[in-house]
Amino acid sequence: METLYFDLRATRVKQQDITEKVGEAARILRQGGLVAMPTETVYGLGANALDADAVARIFEVKGRPQDNPLILHLSGQQWLPRYCANIPPLAFALARKFWPGPLTLVLKRRNNVPDIVTAGLDTVAVRCPNHPIALALIRELGLPIAAPSANLSGRPSCTTAEEVMADMGGRIHGVLDGGPCTVGVESTILDMTGPQPRLLRPGGVSIEAIETIVGPITVDKAVTGQLPDGERPKSPGMKYRHYAPRAPLTVFSGAPDVTAREMERRMCPRTGIVCFDEYKELFQYQETYSLGPYHDTAEQARRLFPALRAFDESPCTEIYAQCPDSRGLGLAVGNRLKRAAGFRVVECDAQRIILGLTGGTGAGKTTVLELIEEMGGSVIDCDKVYHRLLDENEELLFEVRRVFRGAFTIDGKLDRKKLGEEVFAKQDRMALLNRIVYRYMVPYLEDRLGAVVEGLCAVDAVNLIESGLGRLCDATIAVTAPIEVRVRRVTARDGIPEQYARLRISAQKSDEYYRSKCDYELNNAADTPEQFRREAKIFLRRLIEGLQEEKRYGKKKGRVTRE
Ligand code: AMP
Ligand code: MG
């Protein structure tokens with residue numbers, strides 16, 4: 001079959017040509033043929049909705065499962081009563097506000113709608129597209145057009161006529177080229193047949209916008225996740241694998257900084273990257289397709305399907321994509337990405353929280369670390385890291401040897417005791433040693449933390465802030481306590497006289513110092529250890545929940561920097 005191509009791109013044709021070509025397309029539809037048409041969402045594959053044979057051919061050429069119903073495209077809300085029954089007033093309110101536009105309403109059907117359109121359901125999905133060519137075609141036909149997206153079933157939707165030609169050329173009678181689609185994702189589907197409007201598919205109109213008209217709506221389970229096997233979705237289309245590019249796709253969800261780092265850590269040379277503009281540099285040696293700026297979800301919606309098709313002709317063997325958060329059109333973009341990935345999603349920071357703990361002796365840091373381990377977290381003891389680096393890292397030893405010759409034996413071995421004596425006697429020598437060691441600690445810790453994809457992790461370091469390790473943490477916590485409490489605890493714990501305990505404490509940095517440098521303070525003024533444990537537990541829970549929330553919504557760290 002030859003597919004007629006009608007070029008109706010605004011800059012190239014006159015109104016008279018449009019009328020003529022739309023008339024020709026309408027004639028094809030009237031004769032039972034199939035025509036692909038531009039809409040503001042994606043290109044649609046249209047047939048006369050009241051012609052059951054023509055509609056059947058849509059399923060055939062797309063390879064679409066028969067139980068996946070189609071949307072009726074109307075010329076306006078005045079057509080609603082012709083094809084729908086029991087229309088609630090809210091449906092009219094929504095149509096008045098959002099039509100023509102990317103909102104589909106599911107309503108009770110009338111019997112004149114063929115069964116094949118609704119896949120035998122007693123409801124029908126209807127919308128009025130916001131595109132001059134689609135509207136002209138519907139008006140010219142004088143009947144609703146049944147149209148799913150104009151792609152082969154399972155493939156990414158088409159947002160240009162060229163893509164339609166690639167998928168449908170030779171299989172349908174005509175393609176109307178109206179240029180690229182302005183919205184880029186399919187319509188939002190809202191079921192209006194229940195007691196409360198229910199979101200069946202996120203799309204071109206955001207939940208937030210709908211809720212300004214109808215109040216809170218219910219979100220169907222199928223929107224956010226994968227339905228368990230055997231469960232029947234309200235919107236049959238939600239059960240199928242959709243939008244898939246040729247190479248397998250993995251979606252990374254979470255705060256963009258974190259997803260970008262995780263993608264970078266896992267990728268190999270033939271990994272294609274779909275990322276936000278802000279992260280293009282990071283992936284400059286990969287084949288990359290940009291989704292637009294992180295906060296511009298409308299732009300992401302436009303670039304989504306082109307991104308999923310972009311790697312079809314490339315040598316990439318897999319694709320990694322950053323997922324936007326669920327605000328605005330982000331919900332629709334993320335939904336399509338996850339479906340395109342067959343739900344292969346790496347939740348980067350859903351639970352990945354790194355806490356930095358610091359504070360002087362006797363304040364209760366150890367209790368907090370124990371609690372973190374009880375909560376399933378792991379603890380990195382930087383004291384141990386320090387010793388390990390001095391044992392194992394040749395480069396570090398070489399640098400230390402240059403400056404602390406006296407601390408090495410003749411055959412070049414480090415004598416820790418001598419090194420200790422030297423640095424404890426002179427503050428400036430201690431500072432120098434620390435500066436050298438920190439240069440190795442930070443990358444070492446960065447590496448270890450980079451391997452933590454999920455879960456809670458605590459970095460325990462007396463020099464958390466000075467070493468620069470605090471910057472690797474989601475939050476830094478100073479564990480402090482009144483001097484008298486610390487003296488009592490250290491005396492009892494270490495079995496030393498009170499005055500030694502006082503000396504030891506005063507040799508360390510003050511609580512005031514830790515308090516001023518950290519994001520949070522956990523003050524141990526509790527009467528009993530049990531009470532402190534309880535307080536600390538509540539503190540940690542709240543803090544972790546808050547940090548997870550922040551990450552989920554991509555907020556920058558609200559750091560309290562007090563120099
Ligand atoms: P598409 O045209 O590819 O965007 O698919 C149309 C979508 O509308 C599919 O996900 C269908 O499941 C959904 N749909 C169509 N009719 C109904 C209906 N009566 N009830 C619920 N969902 C519907
Ligand atoms: Mg589709």
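Each remark here, short or long, concerns the structure printed above.
Figured I'd write up the structure that's included with this text. Predicted model, so just to flag it, every value in this text is computed and none were measured. The written sequence of each chain sets the order in which its residues are numbered from 1. Here chains are named by letter from A upward and ligands by number from 1 upward, in the order in which they appear as written. Local features in a predicted model are, by the rule used here, given only for residues with pLDDT of at least 70; side-chain atom pairs are given and counted only at 80 or more, and totals for whole chains, interfaces and linings are based on all residues. With hydrogens and water excluded, all non-hydrogen atoms of the structure serve as input to the side-chain values.

### Observations concerning the overall build of the chain
This is how the line gets drawn: The helix and strand labels rest on DSSP assignments: H or I over at least four residues marks a helix, E over at least two residues marks a strand, and numbering proceeds from the N terminus. Think of it in three bands: residues with accessible area under 20% of the maximum for their type are buried, residues over 50% are exposed, and the middle band is partly exposed, with areas taken using a 1.4 Å probe on protein chains only. Note on contacts: a residue pair qualifies if any of its non-hydrogen atoms lie within 4.5 Å across the two residues. Methods summary: accessible areas were calculated by the Shrake-Rupley approach with a probe of 1.4 Å, and residue burial reflects only the protein chains presented. Asp and Glu count as negative and Lys and Arg as positive, but His and the ends of the chain are not part of the count. For this purpose, a charge sits on NZ of Lys, CZ of Arg, CG of Asp or CD of Glu.
Counting secondary structure elements, the chain contains 21 helices and 22 strands. Overall, the chain is about 100 × 50 × 40 Å in size when its C-alpha atoms are taken along their principal axes. When the 563 residues of the chain are sorted by exposure, 54% land in the buried category. Taking all contacts inside the chain whose residues are at least 6 apart in sequence as the whole, residues at least 24 apart take part in 69%. A total accessible area of about 25,900 Å² is found for the chain, and carbon and sulfur atoms account for 50% of it. Here the chain carries 78 positive and 74 negative side-chain charges, and the mean point of each set is 1 Å from the other.

### Considering the pattern of salt bridges
Convention followed: Salt bridges, as used here, are contacts in which a Lys or Arg side-chain nitrogen is within 4 Å of a carboxyl oxygen on Asp or Glu.
Applying the stated criterion across every chain, the model contains 31 salt bridges. Here glutamate 374 makes a salt bridge to arginine 533, at a shortest N to O gap of 3.0 Å. Highlighted residues: glutamate 374 in helix 13 (residues 365–374) and arginine 533 in helix 21 (residues 529–552), separated in sequence by 159 residues. Among the charged side chains, a salt-bridge network with shared partners connects Asp277, Lys280, Glu299, Arg302 and Arg303.

### Re the packing of helix 4 (residues 89–98) against helix 8 (residues 207–214)
Selection criterion: In this analysis, axes come from line fits to C-alpha atoms, helices being fitted only over the stretch in contact, and the angle between any two N-to-C directions falls in the range 0 to 180 degrees. Angular relationships are summarised with four words: roughly parallel below 35 degrees, roughly antiparallel beyond 145, roughly perpendicular across 65 to 115, and oblique for the angles in between. Working rule for handedness: look at the near helix, and if it is turned counterclockwise from the far one by less than a right angle, call the crossing left-handed; if clockwise, right-handed. Each residue is assigned to one of three groups, with Ala, Val, Leu, Ile, Met, Phe, Trp, Tyr, Cys and Pro labelled nonpolar, Asp, Glu, Lys and Arg labelled charged, and all others, Gly among them, labelled polar.
Where helix 4 contacts helix 8, the axes come no closer than 10 Å and their chain directions differ by 130°. Of the possible angle classes, the one that applies to helix 4 and helix 8 is oblique. Between helix 4 and helix 8 lies a crossing of right-handed hand. The residues of helix 8 that touch helix 4, namely those facing Leu90, Ala93, Leu94, Lys97 and Phe98, are Ala209, Ile210, Ile213 and Val214. In terms of residue class, the contact of helix 4 with helix 8 is made up of eight nonpolar, no polar and one charged.

### Re the sheet that holds strand 18 (residues 353–358)
Pairing between the strands of a sheet is mediated by backbone hydrogen bonds and can be parallel or antiparallel. We apply this condition: Pairs of strands are assigned from DSSP output, requiring at least two bridges between the strands.
Taken in spatial order, the five strands line up as 19-20-18-21-22 in an open sheet, and their pairing is parallel. This sheet does not close on itself; its edge strands, each paired only once, are strand 19 (378–381) and strand 22 (520–523). Adjacent strand axes in the sheet meet at a mean angle of 25°, parallel and antiparallel pairs treated alike.

### Details of the nonpolar core
The condition that has to hold: By nonpolar core is meant a set of buried Ala, Val, Leu, Ile, Met, Phe, Trp, Tyr and Cys residues that side-chain atoms within 4.5 Å join together.
Ranked by size, the top nonpolar core spans 72 residues in total, and within it Leu72, Leu105 and Val126 carry the most contacts. Sequence-distant contacts of leucine 105, that is, excluding residues within four places in its chain, are made with Ala91, Leu94, Trp99, Val124, Ala125, Val126, Leu190 and Met192. Ile273, Ala301, Cys323 and Val346 belong to the second largest nonpolar core, which has 39 residues in total.

### Here's the deal with the packing of aromatic side chains
Which entries qualify depends on this criterion: For Phe, Tyr and Trp, where Trp contributes only its six-membered ring, two rings pair if their centres lie within 6.5 Å, and the inter-plane angle classes them as stacked under 30 degrees, edge-to-face over 60, or tilted in between. For a Lys NZ or an Arg CZ to count as sitting over a ring, it must be within 6 Å of the ring centre and within 35 degrees of the ring normal.
Under the defined criterion, the tally for this structure stands at five aromatic pairs. Summarising the aromatic geometry, the rings of tyrosine 243 and phenylalanine 305 are spaced 5.4 Å apart at their centres and angled 40° between planes, so their arrangement reads as tilted. Of this pair, tyrosine 243 sits in the loop between helix 9 (221–224) and strand 13 (249–253) while phenylalanine 305 sits in helix 11 (residues 297–310), and the two are 62 residues apart along the sequence. Given a relative accessible area of 0%, phenylalanine 305 falls into the buried group. Arranged with centres 5.0 Å apart and planes meeting at 80°, the rings of phenylalanine 276 and tyrosine 294 form a pair that is edge-to-face. Here phenylalanine 276 is found in the loop between strand 14 (271–275) and strand 15 (288–290), whereas its partner tyrosine 294 is found in the loop between strand 15 and helix 11, with 18 residues between them in sequence. Like tyrosine 294, phenylalanine 276 is buried. The ring of tyrosine 513 carries lysine 509 above its face, with NZ or CZ at 5.2 Å from the centroid.

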